[in-house]
Amino acid sequence: LRPYLEQVAKVRTSVNFGAFIGQGSIREVVIGSHNRGATSEEMTRMLEMVRQGMREGAFGLSTGLFYVPGTFTPTDEVTALARAAGEMGGIHISHMRNEAADVLQSVNETIAIGENGSLPTQVTHHKIIGKGNWGASTQTLALVAEARARGVDATIDQYPYTASSTGLNALLPAWAQDGGRPATLKRLQDPETRAKIKAIVVDNIKFDRGGGDPKNIQIASAGFDSTLAGKNLAQITAARGVEVTIENAADTALDIIEKGGASAIFHAINEDDLVRIMRDPNSMVGSDGEVIRFGVAAPHPRGYGTFARVLGRYVRELKVITLQDAVRKMTSFPAQRLGLFDRGLVRPGMKADLVLFDEAEVGDRATFENTHQYAVGIKFVLVGGEVVFDGKAMTAARPGRILKGPACIW
């Protein structure tokens, strides 16, 4: 991690920058994309890599248990790695194993990793996917509250949109991805295995991330064909000259994956769950976004609008939460969570990382149809006391610093 952070520092940034050490990245290096448990020797190596990551500045261990190879990791293996991070002051933060039909089990697993690993634990970008699962946030939030009541330091973050974004591979079963992309392609070339994979993709379009309709799956970017960006699976399927059915859309998805894959946006989240999670006292705001190159492809609008959207739509317009609570969920709460006790509050002696906005004007403009639009109502942004955005444009100032975790030795 240290060489990477040093490289970022040399580039010089407008904003501060920090990192976690990724469990999936560690497992990929040590075991690869294989569905098996770790040997004792491999566990020893992975534990040392976690400790190395913590010494080099990580804030804790991040897990993506929905993704390969994280999905192949048994809970006790994750817990052991998390415990190693916790012993050095780190926290655990997780894209859970499942956010649809098995969301309750996944929240319980995330809590158990913290409870048994003796460290703080966080459900990141919490959401409920799939119409049949809508409303389950009532139970997931209760699980977190119950865990906190018995002493588990469990928290949540979310982004304010009813669509998620990840690779189109999210439609594939985990077993089809065992061994990495070459193995996946080989399975897709076998008619019998391809049929089994397709059946699961069909189910995922019907009941999971597809929200029951191919039009709910929108391509954000595809390296092999830039013209696909912004189009949904229904449109792409129709352009192939076949009837738009879920079965044919599944074939379209498999074809895209074979040709190189794509990132996608999945419209399968309910506003009621979103609001319920936002109101929860244990939730904070995070974009789960990326650094977007302006005008390129059709990425999720969260990269442009997350924080302004909360302030504009959910505070001013819908009055879901108060302005004070929204600001806390964006500033002091996450700073406290990361142990950044000199940031997140306006107080003498604190770092002057400040955003000045007009509460009557602030709002997002980026949409799923027209992503590349900046938020409005932001008057000034200061980092370390220097103005990096003057209300009209970025300045030449690059005061961003590398923020280091609790066990960093450099």
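Refer to the structure printed above.
Residues numbered from 1 in each chain as written. Predicted model: local features only at pLDDT ≥ 70, side-chain atom pairs only at ≥ 80, totals over all residues. Heavy atoms only, no water.

Novice: Honestly, the overall build of the protein chain in this entry has me stumped. Any pointers?
Specialist: Per the secondary structure count, the protein chain includes 14 helices and 12 strands. Taken over C-alpha atoms, the radius of gyration comes to 21 Å for the protein chain, in line with the 22 Å a tight globule of 410 residues would show. Projected onto its principal axes, the C-alpha positions of the protein chain cover 65 × 55 × 45 Å. Among the 410 residues that make up the protein chain, the fraction classed as buried is 50%. For the protein chain, the exposed surface amounts to about 18,500 Å²; the carbon and sulfur share of it is 52%. Here the protein chain holds 46 positive side-chain charges and 45 negative ones, and the gap between their average locations is 4 Å. (Helix = DSSP H or I, 4+ residues; strand = E, 2+ residues; numbered from the N terminus. Rg over C-alpha atoms; globule rule 2.2 N^0.38 Å. Buried < 20%, exposed > 50% of the residue type's maximum accessible area, 1.4 Å probe, protein only. Areas by Shrake-Rupley, 256 points an atom, 1.4 Å probe, with all protein chains shown as cover. Lys, Arg positive; Asp, Glu negative; His and termini not counted. Charge placed at Lys NZ, Arg CZ, Asp CG, Glu CD.)

Novice: Quick question: what am I supposed to make of the environment of Ile 257 here?
Specialist: Here Ile 257 lies in helix H10 (residues 246-259). Remark: the alpha-carbon pair of Ile 257 and Val 68, spanning 189 residues in sequence, is separated by 15 Å. In this view, Ile 257 contacts Leu 168, Asn 169, Leu 172, Arg 181, Leu 185 and Leu 188; residues no more than four positions away in its chain are not counted. (Contact = heavy atoms within 4.5 Å.)

Novice: What's the story with the sheet that holds strand E2 (residues 60-64) in this structure? I'm lost.
Specialist: What links the strands of a sheet is backbone hydrogen bonding, and the strands pair in either a parallel or an antiparallel sense. One open sheet accounts for 6 strands, arranged E1-E2-E3-E4-E5-E9; its pairing is parallel. What marks the edges here is a single partner per strand, and that holds for strand E1 (21-22) and strand E9 (283-285). With 2 bridges connecting them, E1 and E2 associate as parallel partners. Bridge pairing in E2 links Gly 22 to Ser 62. This element, helix H4 (residues 75-86), spans E2 and strand E3 (91-95) of the sheet and lies at about 155° to E2. (Pairing = 2+ DSSP bridges. Axes fitted to C-alpha atoms, helices over the stretch in contact; angles between N-to-C directions.)

Novice: Any chance you could explain the packing of helix H12 (residues 302-317) against helix H13 (residues 323-330) here in plain terms?
Specialist: As a packed pair, H12 and H13 sit with axes 10 Å apart at the nearest point and diverge in direction by 160°. Our classification of the angle between H12 and H13 gives roughly antiparallel. The interaxial crossing formed by H12 with H13 has right-handed handedness. In contact with Phe 307, Val 310, Leu 311 and Val 315 of H12, H13 contributes Leu 323, Ala 326 and Met 330. Residue composition of the contact of H12 with H13, grouped by class: 7 nonpolar, no polar and no charged. (Parallel < 35°, antiparallel > 145°, perpendicular 65-115°, else oblique. Left-handed = near helix turned anticlockwise from the far one by under 90°. Nonpolar A, V, L, I, M, F, W, Y, C, P; charged D, E, K, R; others polar.)

Novice: What is the right way to read the pairing of strand E12 (residues 386-389) from this model?
Specialist: It is a general feature of regular strands that their side chains alternate between the two faces of the sheet. When strand E11 (residues 378-383) meets E12, the two strands line up antiparallel, connected through 3 bridges. In the sheet register, Val 381 faces E12, and the bridge partner there is Phe 389. Hairpin remark: E11 followed by E12, antiparallel, with 2 residues in the connecting loop; positive phi at Gly 384, about 60°.

Novice: I would appreciate a short explanation of the nonpolar core in the present structure.
Specialist: Across soluble globular proteins, nonpolar side chains show a tendency to be buried alongside one another. The biggest cluster of nonpolar side chains holds 26 residues, and the ones touching the most others in it are Leu 168, Leu 171, Val 201, Ile 205, Ile 217, Ile 219 and Ile 256. Counting residues per element, the ones that place at least two in this core are helix H8 (191-207), strand E7 (217-221), helix H9 (233-239), H10 and strand E8 (263-266). If one sorts the elements of this core by residue count, H10 sits on top with 7 residues. With residues up to four places along the chain from it excluded, the contact list for Leu 168 reads Ile 217, Ile 219, Ala 253, Ile 256, Ile 257, Ala 262, Ser 263, Ala 264 and Phe 266. (Core = buried A, V, L, I, M, F, W, Y, C linked by side-chain atoms within 4.5 Å.)

Novice: How should I be thinking about a positive patch on the surface in this particular structure?
Specialist: Taken together, the side chains of Arg 12, Lys 351, Arg 398 and Arg 401 make up a positively charged region of the molecular surface. Here Arg 398 lies in the segment after E12. On the accessibility criterion, Arg 398 (33% relative accessible area) is partly exposed. (Patch = residues over 30% accessible without salt bridge, like charges linked within 9 Å, V, L, I, M, F, W, Y side chains within 5 Å. Salt bridge = Lys/Arg side-chain N within 4 Å of Asp/Glu carboxyl O.)

Novice: Got a minute to help me understand the pairing of E3 in this structure?
Specialist: A large share of E3 lies buried, amounting to 5 of its 5 residues. Where E2 and E3 come together, 5 bridges link them in parallel fashion. Across the sheet, Leu 61 pairs through a bridge with His 92, a residue of E3. Following the chain from E2 across H4 to the adjacent parallel E3, one finds a crossover that is right-handed. Inspection of the sheet shows E3 paired to strand E4 (residues 121-123) by 3 bridges, in the parallel sense. Residue pairing for E4: Ile 93 is matched across the bridge by Gln 122. (Right-handed = clockwise from strand over helix to strand, strands pointing away.)

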